[in-house]
Amino acid sequence: MRKRVIAGNWKMNKTPSETRQFLESVKDRICSAESDVYVFPPLISIPEAVSILKETDVIVGAQNFYYEEKGAFTGEVSADMLIDSGVKAVIIGHSERRDIFGEDDRLINLKLKRAVEKGLTPVLCCGESLEIRESGKTTEFIEGQIRKAFEGLSAEDAGKCIVAYEPIWAIGTGKTATSDQAEEICGSVRNTIKELYGETVSENMSVLYGGSMNAGNAAELVSCENIDGGLIGSASLKDEFADIVKV
Ligand code: PEP
């Protein structure tokens, strides 16, 4: 049985004091027995989140890290630094990192391998642009992203990862994929994982949908067979996140 995962990607929102204020007000309502709940604050706000959520089951993650151990990488943080700060998970391959910061499949693969090796739970994002969707090549594009990200990972390590399917045209646009569109691609992600690692790994892997998920559409999306939860941007910054956790 796969457990539902509800994860909030705050992106570049909420200062440390805003983090404190927000989490103090929702922390009791974002705890759930049915779901694993994650929050991914900006790096500078992580210590506040860890401190406020320490007596809850809510998992604090980071939105990014660099795969090298240490050294001359100005502006970056390592997996060990995150772990030492109480971080348990990390988002890898978000489309904003791919598009705005030029992260490519090779870097994403190196990060995925390092995160698993260090014991951080990776939330690996994949997703197609509107252009790719309109050309009818979504399934093969997503399969390519998954194969490249998982290159060199053992079945045991792959089994520690979460995948989030986030169509770029649905992120922050208010335009959600229909549950049929989301289910189709989440199912094909699971199928690619099955081809790579077999049925046990694929059936146990949590595959999430992300892209304008909110309290109004979450229930329908997560009721789909292959959608095990959501990676939520805008709606995770508000009280609404607590309603999504409860769907
Ligand atoms: C995201 O960026 O991970 C995301 C899904 O954002 P939004 O929910 O705002 O579309």
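Here the structure is shown first, and the text comes after it.
For clarity, every value in this text was computed on a predicted model and none was experimentally measured. (Residues numbered from 1 in each chain as written. Predicted model: local features only at pLDDT ≥ 70, side-chain atom pairs only at ≥ 80, totals over all residues. Heavy atoms only, no water.)

Novice: Would you mind going over helix α1 (residues 16-26) with me for this structure?
Specialist: Every α-helical turn comprises 3.6 residues, leaving residues that sit three or four positions apart pointing alike. If you check which residues of α1 are buried, you get Thr19, Phe22, Leu23 and Val26. The arc enclosing the buried residues of α1, seen along the axis, measures out at 90°, which places them on a common side. Set apart from the buried face of α1 by more than 90 degrees, the exposed residues are Ser17 and Gln21. Summarising the contacts, the buried residues of α1 are in contact with α2 (46-52). (Buried < 20%, exposed > 50% of the residue type's maximum accessible area, 1.4 Å probe, protein only. Helix = DSSP H or I, 4+ residues; strand = E, 2+ residues; numbered from the N terminus. Arc of directions from axis to C-beta. Contact = heavy atoms within 4.5 Å.)

Novice: I'm lost on the packing of aromatic side chains in this one. Help?
Specialist: Aromatic ring pairs are defined here through the distance separating the ring centres and the angle between the ring planes. This structure, assessed with the given rule, holds six aromatic pairs. Ring geometry for Tyr38 versus Phe40: centroids 6.0 Å apart, planes at 5°, classification stacked. Across the pair, Phe40 and Tyr38 agree in class, each one buried. An aromatic cluster is present here, built from Tyr66, Tyr67 and Phe73 joined pairwise through their rings. Over the aromatic face of Trp10 sits the side chain of Lys14, whose NZ or CZ is 5.9 Å from the ring centroid. Its end group placed over the ring of Phe22, Lys14 keeps NZ or CZ at 4.3 Å from the ring centre. (Phe/Tyr/Trp six-rings, centres within 6.5 Å; stacked < 30°, edge-to-face > 60°. Lys NZ or Arg CZ within 6 Å of the ring centre and 35° of its normal.)

Novice: Quick question: what am I supposed to make of the site of the ligand here?
Specialist: The environment of the ligand is formed by 14 residues, the closest being Lys11, His94, Gly172, Ser212 and Ser234. Between Lys11 and the ligand, the recorded distance is 2.5 Å, taken from a side-chain N or O atom to an oxygen atom. At 2.7 Å from an oxygen atom of the ligand is found a side-chain nitrogen or oxygen belonging to His94. Considered on its own, the ligand offers 300 Å² of accessible surface; in the complex 99% of this is hidden by protein. (Near = heavy atom within 4 Å. Polar contact = N/O pair within 3.5 Å; in protein donor to acceptor, adjacent residues only side chain to side chain. Areas by Shrake-Rupley, 256 points an atom, 1.4 Å probe, with all protein chains shown as cover.)

Novice: Could you clarify how one ought to interpret the pattern of salt bridges in this entry?
Specialist: It is possible for side chains bearing opposite charge to pair when their charged atoms get close. Enumeration over the complete set of coordinates arrives at 23 salt bridges. A salt bridge links Asp239 to Arg29, with the nearest nitrogen and oxygen atoms 3.3 Å apart. With Asp239 in the loop between β8 (229-232) and α12 (240-245) and Arg29 in the loop between α1 and β2 (35-40), this pair connects stretches of sequence that are 210 residues apart. Taking relative accessible area as the criterion, Asp239 reaches 41% and is therefore assigned partly exposed. Judged by its relative accessible area of 34%, Arg29 falls in the partly exposed class. With a shortest N-O distance of 3.4 Å, Lys160 and Asp157 are connected by a salt bridge. Judged by relative accessible area, which is 42%, Lys160 ranks as partly exposed. (Salt bridge = Lys/Arg side-chain N within 4 Å of Asp/Glu carboxyl O.)

Novice: What is the right way to read unusual backbone geometry from this model?
Specialist: If a residue is not glycine, its phi is most likely negative; likewise, a peptide bond is most likely trans. The residue Lys11 is not glycine, and still its phi comes out positive at about 55°. Within the secondary structure, Lys11 is located in the loop between β1 (4-9) and α1. Assessed through its relative accessible area of 22%, Lys11 is described here as partly exposed. Backbone geometry places Lys14, a non-glycine residue, at a positive phi of 80°.

Novice: How should the sheet that holds β1 be read in this particular structure?
Specialist: Note: strands within a sheet are paired through backbone hydrogen bonds, in either parallel or antiparallel orientation. Spatially, β1-β2-β3-β4-β5-β6-β7-β8 is the arrangement adopted by the eight strands of the closed barrel, whose pairing is parallel. Across the sheet, the mean angle separating the axes of adjacent strands is 25° when strand polarity is ignored. Both β2 and strand β3 (residues 59-62) contribute to a ladder of two bridges, which runs parallel. Paired with Tyr38 across the bridge in β3 is Ile59. Across the sheet, helix α7 (residues 138-149) lies against β5 (121-126) and β6 (162-165), angled at about 150° from β5, the strand it touches most. (Pairing = 2+ DSSP bridges. Axes fitted to C-alpha atoms, helices over the stretch in contact; angles between N-to-C directions.)

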